[in-house]
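Observations on the model geometry
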Amino acid sequence: MKINASRLQSYFEAMSEIGKIGETGTCRPAHTALEKQGFEIASSWMKAAGMLTRIDNFGNLIGRLEGKNPDLSVLMMGSHLDSQPYGGRFDGVAGVLCAIEVVRTLHENRVVPERPIEVISFADEEGWRFNKGLFGSRGILGKLEEGELQRKDQDGITREQALKDFGCDITKFKESEYILGSIFCFLELHIEQGPVLDMAHKPIGVVSGISGPLWWTVKLKGMAGHAGSVPMPIRKDAMVGAAEIIVALNEIATQVPGNPTVGTVGTLNVFPASRNIIAEEVTMTVDLRDIDLDRRNRYEKQLRDKIELITKKHNLTYSISEDTKSDPRYCADWIKEIIHSECKKLQLDEIELMSGPFHDALALSYVCDYGMIFVRCKDGISHNPLEYSSYEDLALGANVLLGTVIEVLKK
């Protein structure tokens, strides 16, 4: 049994037209008309695969293929269709479309699974619009945090309003939550978003685990003043403090060469943002990730200590708000063994590797076993219109996923 590679390619080509920027880029923000358009076309493919479809109150698109025993826990697959603002055609999309094609292949071959299968495009995995990701996957598990619906995007729209505009009922979240034990396992195919597979000349990888992300918003407060008249020794320059913190984060993350630790400051918001006024306030995001929790905890303390020293040095005040904090999460050995076995059947000579980026699988890992399949991407480029995975590699990944699903259904 094999997936239909040309049909899978047609899915990608059609989806890439929705929110297209330039020749190869994508901007398909969460909870928007563009994402709804993506859901509509994906839903049509789900229906062709024998699935019943719905959009829940968190904004997740869910397709369900009923099993012989509908009371059994669900085999869940999926990823997301929202994109970065300056993203590519494959991030997240690969996991949804390959899962749909797997179910369509089963359906066409008249395979009726013992347990139900669900394919989900989770809402707002990316997290850039409201500065907090994995919304839909955390939502179905009852893991949303206080104040999340009041978060605003750059246009001042709250998550609450965006969900209402999307057609969701925020008073009925409970109806969209999954009861503990109702998910048997979760499988996610994803492009690697890194260079390991490309450098090794291998199309497919088996994921060992996901690095634990720590996301902060750091706010530094100094004093505005005229850039031409305030002497350097008495300034309270929030921008200088921010610059030193950025360098400190880089030094902390790279202190042991070869470690997989990564640290990033991705955004800076400056007030009052005039070329001839000393910056009074800087708000910055900090992203620190590691597969080793003890090491990440040590580095977190080092960074907190550095921020304390730097702000004292420049007479600044500061606050740190924690937006996301998750432990590293490891894939289930029994699922990894199945994926390895399916790769061997296809003579793929796969390798095992960790995931630096987080995925919806990270949220699901707290309630069920999970496994992930990585597909090679050219030069390791992602979150960029240049992101590219070949349709041949994606078809290979989908066939590995198909074989994995068939074996998991025997459990």
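These notes cover the structure that comes with them. (Residues numbered from 1 in each chain as written. Predicted model: local features only at pLDDT ≥ 70, side-chain atom pairs only at ≥ 80, totals over all residues. Heavy atoms only, no water.)

**Quick look at the overall build of the chain**
- For the chain, the count of helices and strands is 12 helices and 16 strands.
- Against the compact-globule benchmark of 22 Å for 411 residues, the chain has a radius of gyration of 22 Å, which places it among compact chains.
- Within the chain, the proportion of its 411 residues that are buried is 55%.
- The long-range fraction of contacts in the chain, counting pairs at least 24 apart against all pairs at least 6 apart in sequence, stands at 79%.
- Separation of charge centres in the chain, based on 47 positive and 58 negative side chains, amounts to 2 Å. (Helix = DSSP H or I, 4+ residues; strand = E, 2+ residues; numbered from the N terminus. Rg over C-alpha atoms; globule rule 2.2 N^0.38 Å. Buried < 20%, exposed > 50% of the residue type's maximum accessible area, 1.4 Å probe, protein only. Contact = heavy atoms within 4.5 Å. Lys, Arg positive; Asp, Glu negative; His and termini not counted. Charge placed at Lys NZ, Arg CZ, Asp CG, Glu CD.)

**Concerning the nonpolar core**
- Counting residues in each nonpolar core, the largest one holds 89 residues, and the members touching the most others are Phe 12, Met 76, Met 77, Leu 97, Leu 401 and Val 405.
- Tallying contributions element by element places helix 3 (residues 93–108) first for this core, with 10 residues.
- Contact partners of Met 76, with chain neighbours within four places excluded, come to Glu 118, Ile 120, Phe 122, Ile 140, Tyr 178, Ile 183, Cys 185, Phe 186, Leu 187 and Leu 364.
- In terms of nonpolar packing, the next biggest core, distinct from the first, is built from 19 residues, Leu 214, Trp 216, Val 282 and Leu 303 among them. (Core = buried A, V, L, I, M, F, W, Y, C linked by side-chain atoms within 4.5 Å.)

**Section: the pairing of strand 6 (residues 117–121)**
- Summarising burial for strand 6: five of the five residues are buried, a large majority.
- Across the two faces of strand 6 the burial is the same, with Ile 117, Val 119 and Ser 121 and Glu 118 and Ile 120 all buried.
- Judged from the five bridges that link them, strand 4 (residues 61–65) and strand 6 form a sheet pairing that is antiparallel. Along strand 6, the bridge assignment pairs Arg 64 with Glu 118.
- For strand 5 (residues 74–79) and strand 6, the ladder comprises five bridges, and the chain directions are parallel. Across the sheet, Leu 75 pairs through a bridge with Ile 117, a residue of strand 6.
- The β-α-β motif built from strand 5, the intervening helix 3 and the parallel element strand 6 has right-handed crossover chirality. (Pairing = 2+ DSSP bridges. Right-handed = clockwise from strand over helix to strand, strands pointing away.)

**A word on helix 10 (residues 333–345)**
- Spanning 13 residues, helix 10 covers 18 Å between terminal C-alpha atoms, matching the ideal 18 Å at 1.5 Å per step.
- Residues Ile 335, Lys 336, Ile 338, Ile 339, His 340, Glu 342 and Cys 343 constitute the buried set of helix 10.
- Its buried side turned inward, helix 10 meets strand 7 (183–191), strand 8 (204–210), strand 15 (351–355), strand 16 (369–375) and helix 12 (391–408).
- Just downstream of helix 10 lies Gln 347, where phi reads positive at about 55 degrees. (Expected span 1.5 Å × (residues − 1).)

**Regarding the state of the cysteines**
- Enumeration according to the criterion identifies zero disulfides in this entry.
- Not part of a disulfide, Cys 331 finds its nearest cysteine sulfur in Cys 368, a span of 11 Å.
- Judged by its relative accessible area of 5%, Cys 331 is buried.
- The thiol of Cys 368 is unpaired, and the distance to the nearest cysteine sulfur, on Cys 185, comes to 6.7 Å. (Disulfide = S-S within 2.5 Å.)

**Quick look at the pairing of strand 9 (residues 212–221)**
- A large share of strand 9 lies buried, amounting to eight of its 10 residues.
- With 10 bridges joining them, strand 9 and strand 12 (residues 281–290) adopt antiparallel strand pairing. Counterpart to Val 218 in the pairing with strand 12 is Met 284.

**Side note on the environment of Asn 399**
- In this structure, Asn 399 sits in helix 12.
- Residue Asn 399 is classed as buried on the basis of its relative accessible area of 14%.
- Taking the C-alpha atoms as reference points, Asn 399 and Leu 346, separated by 53 residues in sequence, lie 8.6 Å from one another.
- Apart from the residues lying within four places of it in its own chain, the contact partners of Asn 399 are Lys 2, Ile 3 and Leu 346.

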